[in-house]
Amino acid sequence: MKNKLILCVVGVALLSFIGPGCKNEIPEPPNIKEMITSDFVFITSTQVAEHTLSLYADEQLKVGYNQLYMIMEDQDEKLITDFEINSIRPMMDMGNMEHSTPIEPVSKDSYRAQVGIVFIMPSTAGDWRIDLGLSVGNQNYEETLTFDVEASDPTRLLSFVDSISSISYFIALVEPRLPEVGENDFILGIYQRESMMSFPQADDLSVEIEPWMPSMSHGSTNNVNPTQKEDGLYHGVVNYSMAGDWEVRLVILNNSGDTLAQDLSFEFLL
């Protein structure tokens, strides 16, 4: 009996010495939804049969270029992978008429669909929605997402009418969203209006940029004019040589070198 008592005391002492830190602990599984949405702003959601489709964005939706993300969850709020976006059309209902807006192709990874949409007017002009055709497994669905779009200040969207062909164009600022002193990626989406339902990317244009600081009456060096890349967007570099107020002035030319528009500019405050 005495030996058993001693063994018990030693066992308790050993457990106290080892402590909880040496026990085999099973780590918490990663929260995938939090991992892929933590940097985004929730916009809206809708039920698709027994699933929930949620829409996120980099920030609150504004007039101009917006990157949107869609995820789907099952009844247990677990993300699912077997969904596809088969068709997507953003629409503005103005009461007496409807129109669409420029949209980039949809891409999808395991859990998330992604699309760039250029909203050409705020919700004060009407009601925005996205009409979706999607599939989950082998089931097809049609759904609608509704949401508000705010005005952007300073503007992220410019428009002009081609002085030669009278075609309407929209120029959306993609980057920089958060400009910094120094060299920044300068990316534009340029779209032409074929009809109220069709706004394709405008190809083979030339874009000349001139950064200018109105308060100091000077520009900057080491800028690169945007050129169209494989994604259809126009990529260049703008250099803000100091903090303060800046304009990036644009001249748009066609592939023959004719000037289609000038006296256009985006404003920035660093």
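Residues numbered from 1 in each chain as written. Predicted model: local features only at pLDDT ≥ 70, side-chain atom pairs only at ≥ 80, totals over all residues. Heavy atoms only, no water.

Chemist: Sorry, what's going on with the nonpolar core here?
Modeler: One recurring pattern in soluble globular proteins: nonpolar side chains tend to sit buried together. In terms of nonpolar packing, the biggest core is built from 39 residues, with Leu53, Leu61, Met70, Met72, Ile85, Leu132 and Phe147 touching the most fellow members. The contact partners of Leu132, leaving out residues within four places of it in the chain, are Leu53, Met70, Ile85, Ser87, Ile88, Tyr141, Glu142, Glu143 and Leu145. Counting residues in hydrophobic clusters, the runner-up holds 25 residues, among them Phe160, Met213, Leu250 and Ile252. (Core = buried A, V, L, I, M, F, W, Y, C linked by side-chain atoms within 4.5 Å. Buried < 20%, exposed > 50% of the residue type's maximum accessible area, 1.4 Å probe, protein only. Contact = heavy atoms within 4.5 Å.)

Chemist: How do you make sense of the pattern of salt bridges when you look at a structure like this?
Modeler: Two side chains bearing opposite charge may form a pair once their charged atoms approach each other closely. Here the structure, examined in full by the defined rule, presents eight salt bridges. Of the charged contacts in the structure, one is a salt bridge between Glu59 and Arg156, with a shortest N-O distance of 2.7 Å. Remark: Arg156 occurs in the loop between β9 (139-147) and β10 (157-161) and Glu59 occurs in the loop between β2 (51-57) and β3 (64-73); sequence separation between them is 97 residues. Its salt-bridge partner being Asp109, residue Arg112 comes within 3.8 Å of it at the nearest N-O pair. Residue Asp109 is classed as partly exposed on the basis of its relative accessible area, which comes to 40%. Through salt bridges that share partners, Glu59, Arg156 and Arg177 make up one connected network. (Salt bridge = Lys/Arg side-chain N within 4 Å of Asp/Glu carboxyl O. Helix = DSSP H or I, 4+ residues; strand = E, 2+ residues; numbered from the N terminus.)

Chemist: Just checking my understanding: could you explain the packing of aromatic side chains for this structure?
Modeler: Two aromatic rings, taken as a pair, are described by how far apart their centres are and by the angle between their planes. Enumeration over the complete set of coordinates arrives at eight aromatic pairs. Geometrically, the ring pair formed by Phe160 and Tyr169 is stacked, given 4.9 Å between the ring centres and 5° between the ring planes. Grouping residues by exposure puts Phe160 and Tyr169 together as buried. Centre to centre, the rings of Phe170 and Phe199 are 6.0 Å apart; their planes meet at 55°, and the pair counts as tilted. Placement of Phe170 in strand β11 (residues 168-175) and of Phe199 in the loop between β12 (182-192) and β13 (206-212) is noted, with a sequence separation of 29 residues between them. For Phe170, a relative accessible area of 10% puts it in the buried group. Through a chain of ring-to-ring contacts, the aromatic side chains of Phe119, Trp128 and Phe147 assemble into a single cluster. (Phe/Tyr/Trp six-rings, centres within 6.5 Å; stacked < 30°, edge-to-face > 60°.)

Chemist: So what exactly am I meant to see when it comes to unusual backbone geometry here?
Modeler: Working note: non-glycine residues mostly have negative phi, and peptide bonds are mostly trans. Of note, the bond from Asp153 into Pro154 is cis; its omega dihedral lies within 30 degrees of zero at 5°. Of note, Pro154 is situated in the loop between β9 and β10. The omega torsion of the bond from Glu175 to Pro176 falls at 5°, within 30 degrees of zero and hence cis. Along the chain, the position of Pro176 falls in the loop between β11 and β12. The phi dihedral of Asn222 is positive, around 65°, even though this residue is not glycine. Along the chain, Asn222 turns up in the loop between β13 and β14 (224-228).

Chemist: What should I look at first to understand the pairing of strand β17 (residues 259-269) in this one?
Modeler: Along any regular strand, the residues point their side chains to alternate faces of the sheet. With eight bridges joining them, strand β16 (residues 245-253) and β17 adopt antiparallel strand pairing. When the sheet's bridge partners are listed, Val248 is paired in β17 with Phe266. In this structure, the hairpin formed by β16 and β17 is closed by a connection of five residues, where Gly257 is found at a positive phi of approximately 90°. (Pairing = 2+ DSSP bridges.)

None of the figures reported here should be taken as evidence of function without further support.
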